[in-house]
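# Secondary and tertiary structure notes
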Amino acid sequence: MALTELWLVRHGETAWSASGQHTSRTDIPLTEHGRKRAEELRDYLKGTKFDAVFVSPMQRARETCAIAGFGDVAKVDDGLKEWDYGVYEGKTTKEIQTQIPGWSVWKNEIVGGETVGHVGERADGLIMRALAAAPDGARVALFAHAHILRILAARWIGLDARGGALLALGTGSVSVLGWERETRVIQSWNRGFEG
């Protein structure tokens, strides 16, 4: 019996992802390199049939989804928004660590934003909606952001949301969550492209 696969697609590069700035609610576009990466995604995903496509409402995810060829069938899902970084929005980890030595988004309180546990709950809801949207044996694409997708993958394989810290995810990458018999697994992770 074939079981549903979740294909996680991180948006292409933005000016802030290139600089390492935490980007959640700031709605910025792709860079030229990010658009090129989205075109490479289109070439890579060409011929892949998805039974459902979900996309974050943020323009960097929607633009990636559209360039990749799925904008006309994608359903916007607010659950795919990036982790709300609160007062750390727009700052790099290095900048934050000058004020709070050893600070990590995975370990410290996110002042004015979401807890990692709350993002994990959103990820659980996304998994349920994705599985409900397609029959067994289907493929569901999720176009979104690094931390929400890392946390979603951690929750898929039964880890605490903080387990997402163990899963690096580059811009414009594709990862596939699937099954080995009845066990949820990561089939492929952080597949990037040349260029």
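Preceding block: the structure.
Attention in this report is confined to the structure presented alongside it. Computed from a predicted structure; not experimentally measured.

## As for the packing of helix α2 (residues 32-45) against helix α3 (residues 59-67)
Packing of α2 against α3 leaves a shortest axis separation of 8 Å and a crossing angle of 45°. Taken as axis vectors, α2 and α3 run oblique relative to one another. The hand of the α2/α3 crossing is right-handed. Contact residues: Arg35, Ala38, Glu39, Leu41 and Arg42 in α2; Glu63, Thr64 and Ile67 in α3. Residues of the contact of α2 with α3, tallied by class, amount to three nonpolar, one polar and four charged.

## Description of the side chain of Glu114
With respect to the helices, strands and loops of the structure, Glu114 is situated in the loop between α4 (93-99) and α5 (116-133). Here the side chain of Glu114 touches Asp84 through a polar contact of 2.9 Å, landing on its backbone nitrogen. Looking at Glu114, its side chain comes within polar contact range of the side chain of His118, at 2.5 Å. The residues contacting Glu114, other than those within four sequence positions of it, are Glu82, Trp83, Asp84, Val119 and Arg122.

## With respect to the sheet that holds strand β4 (residues 139-144)
Strand order in the open sheet made by the six strands is β3-β2-β4-β1-β5-β6, with mixed pairing throughout. What marks the edges here is a single partner per strand, and that holds for β3 (75-76) and β6 (183-191). Two strands pair when backbone bridges link them, and strand β2 (residues 52-55) and β3 are joined in this way by two bridges, in the parallel orientation. Across the sheet, Val55 pairs through a bridge with Val76, a residue of β3. Across the sheet, α2 lies against β1 (5-10), β4, β5 (174-180) and β6, angled at about 155° from β1, the strand it touches most. Along the sheet, helix α6 (residues 146-156) makes contact with β1, β4, β5 and β6, crossing β1 at roughly 160°.

## Comments concerning the pairing of β2
The side-chain alternation of β2 yields two buried faces, one formed by Ala52 and Phe54 and the other by Val53 and Val55. In terms of strand pairing, β2 meets β4 through four bridges, oriented parallel. In the sheet register, Val55 faces β4, and the bridge partner there is Phe143. Read as a crossover between parallel neighbours, the route from β2 over α3 to β3 is right-handed.

## Some thoughts on the pattern of salt bridges
Overall, the coordinates contain eleven salt bridges when judged by the stated rule. Linking Glu32 and Arg35 is a salt bridge whose minimum nitrogen-to-oxygen distance equals 3.2 Å. Here Glu32 pairs with Arg35, and both are found in helix α2, just three residues apart, close to one helical turn. What you see here is one network of salt bridges that share partners, running through Glu32, Arg35 and Glu63.

## Topic: the layout of surface pockets
What the largest pocket holds in volume is close to 270 Å³. Taken together, 19 residues line the largest pocket, and the ones lying closest to its centre are Arg10, Gln21, Tyr85, Ala146 and His147. A per-element tally of the lining of the largest pocket places α6 first, with three residues. In terms of residue class, the lining of the largest pocket is made up of five nonpolar, ten polar and four charged.

## Quick notes on the environment of Leu41
Considering the arrangement of structural elements, one finds Leu41 in helix α2. It is 19 Å that separates the C-alpha atoms of Leu41 and Ile186, two residues lying 145 residues apart in sequence.

## Structural notes on the nonpolar core
Across soluble globular proteins, nonpolar side chains show a tendency to be buried alongside one another. Core analysis: the largest hydrophobic core is formed by 34 residues, its most contacted members being Leu6, Leu8, Trp83, Val140, Leu142, Ile151 and Leu152. Within the residue set of this core, elements represented by two or more residues are β1, β2, α5, β4 and α6. Excluding residues that lie within four positions of it along the chain, Leu152 makes contacts with Leu6, Leu8, Ala123, Leu126, Ile127, Leu142 and Leu177.

Calculation criteria
- Residues numbered from 1 in each chain as written.
- Predicted model: local features only at pLDDT ≥ 70, side-chain atom pairs only at ≥ 80, totals over all residues.
- Heavy atoms only, no water.
- Axes fitted to C-alpha atoms, helices over the stretch in contact; angles between N-to-C directions.
- Helix = DSSP H or I, 4+ residues; strand = E, 2+ residues; numbered from the N terminus.
- Parallel < 35°, antiparallel > 145°, perpendicular 65-115°, else oblique.
- Left-handed = near helix turned anticlockwise from the far one by under 90°.
- Contact = heavy atoms within 4.5 Å.
- Nonpolar A, V, L, I, M, F, W, Y, C, P; charged D, E, K, R; others polar.
- Polar contact = N/O pair within 3.5 Å; in protein donor to acceptor, adjacent residues only side chain to side chain.
- Pairing = 2+ DSSP bridges.
- Buried < 20%, exposed > 50% of the residue type's maximum accessible area, 1.4 Å probe, protein only.
- Right-handed = clockwise from strand over helix to strand, strands pointing away.
- Salt bridge = Lys/Arg side-chain N within 4 Å of Asp/Glu carboxyl O.
- 1 Å grid on protein atoms, 1.4 Å probe; cavity = no way out; pocket = protein on both sides within 12 Å on 5 of 7 lines; lining within 4 Å.
- Points joined across faces, edges and corners; volume = space filled by probe spheres on them.
- Core = buried A, V, L, I, M, F, W, Y, C linked by side-chain atoms within 4.5 Å.

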